[in-house]
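# A look at the structure
Residues per chain, in single letters:
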Amino acid sequence: MSSIKIECVANENHKIGESPVWNEKENSLLYVDITGKKVCKWNSLTKQVQAISVDAPVSSVALRKSGDYVITLGTRFAALKWKDQLVTTITQVDKDKPNNRFNDGKVDPAGRYFAGTMAEEIRPAVLERHQGSLYALLADLSVVKHFDHVDISNGLDWSLDHKTFFYIDSLSYSVDAFDYDLQTGKIGNRRSIYKLEKDESIPDGMCIDTEGKLWVACYDGGRVIRLDPEAGKRIQTVKLPVDKTTSCCFGGKDYSEMYVTSASEGMDKDWLSRQPQAGGIFKITGLGVKGIPPYPFAG
Ligand SMILES: O=C(O)[C@H](O)[C@@H](O)[C@H](O)[C@H](O)CO
Ligand SMILES: [Zn+2]
């Protein structure tokens, strides 16, 4: 029997921690603080966080085949050279929507960087509806738009056989699946595989494990839930000591640890004093299941 342990490894009180991604070569967890406008790196050996400040909300970070990182910054896809602290724009989307920004993003098994947009929030989960779209940045640095009418583009991942794309538009309170063609990067046949229950609140970031099950961070739900996408059922709940759990990924030795990001934005003084670790990064061990390495962007 495994016994689950949860530890706050970086009590940084981020505004909106998001997009955790394990960098095996550096024994580090990369993530962003969206409205804190920072890309962060937590070193698992030194336990220190390094941060690079950027000029706009930064909503996701991904590894790059050529080394370094790609990020979604405002409505831009951009390259980040960590050592030089240098950010260069690759391309921009939603040029006709000045109130939009990117939100969550992840690289597909063929190296395409998928990321979606949303209108800027007035407060958590309150925003102009249907303003977002889902995009993919291809290796040749061109951009494809997959669909629009998104409220809050969020968690995404691919099935282990690469034939299904999983996606969350938060305000639908649903985890959706699409058929996926890895050769072309095309998606189709959208359907809901799980509707969140009331106490699970809002579905946010998501990742897959080596058994093909999905882990979804529940914003305002203070938990990650494990879903069986075939059965359309929740099979496990892991509660965390903060309400605003935003995203999750596997990392550490053999990807046997889970890392969970969280937010503190939108919490009042009283709420914050009850949850002093809000905005921290959490490590969960003893889950008894592993994850898979992140795919690097091919461009
Ligand atoms: O973390 C994100 O993905 C968004 O940027 C957040 O703002 C929350 O998801 C949202 O507030 C909950 O609906
Ligand atoms: Zn999110």
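Residues numbered from 1 in each chain as written. Chains lettered and ligands numbered in written order. Predicted model: local features only at pLDDT ≥ 70, side-chain atom pairs only at ≥ 80, totals over all residues. Heavy atoms only, no water.

Across its full length, the chain holds 1 helix and 24 strands. Relative to a compact globule of 299 residues, whose C-alpha radius of gyration would be 19 Å, the chain shows 17 Å and is just as compact. For the chain, the spread of C-alpha atoms along the principal axes amounts to about 45 × 45 × 40 Å. If you take every contact in the chain between residues at least 6 apart in sequence, the share linking residues at least 24 apart comes to 48%. Of the roughly 12,600 Å² of accessible surface on the chain, a fraction of 47% belongs to carbon and sulfur atoms. Distance between charge centroids for the chain: 2 Å, based on 38 positive and 40 negative side chains. (Helix = DSSP H or I, 4+ residues; strand = E, 2+ residues; numbered from the N terminus. Rg over C-alpha atoms; globule rule 2.2 N^0.38 Å. Contact = heavy atoms within 4.5 Å. Areas by Shrake-Rupley, 256 points an atom, 1.4 Å probe, with all protein chains shown as cover. Lys, Arg positive; Asp, Glu negative; His and termini not counted. Charge placed at Lys NZ, Arg CZ, Asp CG, Glu CD.)

Neighbouring residues of ligand 1: 13 residues in total, closest E18, R101, N103, E121 and N154. Here an oxygen atom of ligand 1 sits 2.5 Å away from a polar atom, N or O, in the side chain of E121. The backbone of A125 places a nitrogen or oxygen atom 3.5 Å from an oxygen atom of ligand 1. Expressed as a share of its isolated accessible area of 330 Å², the protein-covered part of ligand 1 is 99%. Elements that contribute at least two residues to the shell around ligand 1 include exactly β10 (100-107) and β18 (202-208). Of the residues contributing to the shell around ligand 1, the split by class is 7 nonpolar, 2 polar and 4 charged. (Near = heavy atom within 4 Å. Polar contact = N/O pair within 3.5 Å; in protein donor to acceptor, adjacent residues only side chain to side chain. Nonpolar A, V, L, I, M, F, W, Y, C, P; charged D, E, K, R; others polar.)

This paragraph deals with the coordination of the zinc ion (ligand 2). With distances of 1.9 to 2.0 Å, the protein atoms coordinating the zinc ion (ligand 2) are E18 (OE), N154 (OD1) and D204 (OD). The coordination sphere of the zinc ion (ligand 2) comprises 4 donor atoms, whose angles at the metal cover 86 to 171 degrees; the geometry is irregular. Mapped onto the sequence, the residues coordinating the zinc ion (ligand 2) show the spacing E-x135-N-x49-D. Within this pair, whereas N154 is found in strand β14 (residues 153-158), its partner D204 is found in strand β18, the two being separated by 50 residues in sequence. Each member of the pair, N154 as well as D204, is classed as buried. (Donors = N, O, S within 2.8 Å, 3.2 Å for Na, K, Ca; no water. Tetrahedral: all angles 85-135°; square planar, octahedral: opposite > 155°, others 65-115°. Buried < 20%, exposed > 50% of the residue type's maximum accessible area, 1.4 Å probe, protein only.)

So, on to the environment of F178. Mapped onto the elements, F178 comes out in strand β16 (residues 174-181). Take F178: its relative accessible area is 4%, and that puts it in the buried class. In sequence terms F178 and W158 are 20 residues apart; their C-alpha atoms lie 9.5 Å from each other. Look past the residues within four positions of F178 in its chain and what remains in contact with it is F147, K163, T164, F165, Y167, I187, G188, N189, R190 and R191.

Strand order in this open sheet of 4 strands is β14-β15-β16-β17, and the pairing throughout is antiparallel. The open sheet is flanked by β14 and β17 (186-195), the only strands paired with a single partner. Pairwise comparison of adjacent strand axes, ignoring direction, gives a mean angle of 25 degrees for this sheet. Examined bridge by bridge, β16 and β17 share 7 bridges and lie antiparallel to one another. Following the sheet pairing, V175 is matched in β17 by Y194. (Pairing = 2+ DSSP bridges. Axes fitted to C-alpha atoms, helices over the stretch in contact; angles between N-to-C directions.)

Residues of the chain with pLDDT of at least 70 account for 100%, and the chain-wide mean is 98. Here the complex is predicted with pTM 0.98, and the ipTM for its interfaces comes to 0.94. (pLDDT = per-residue confidence, 0-100.)

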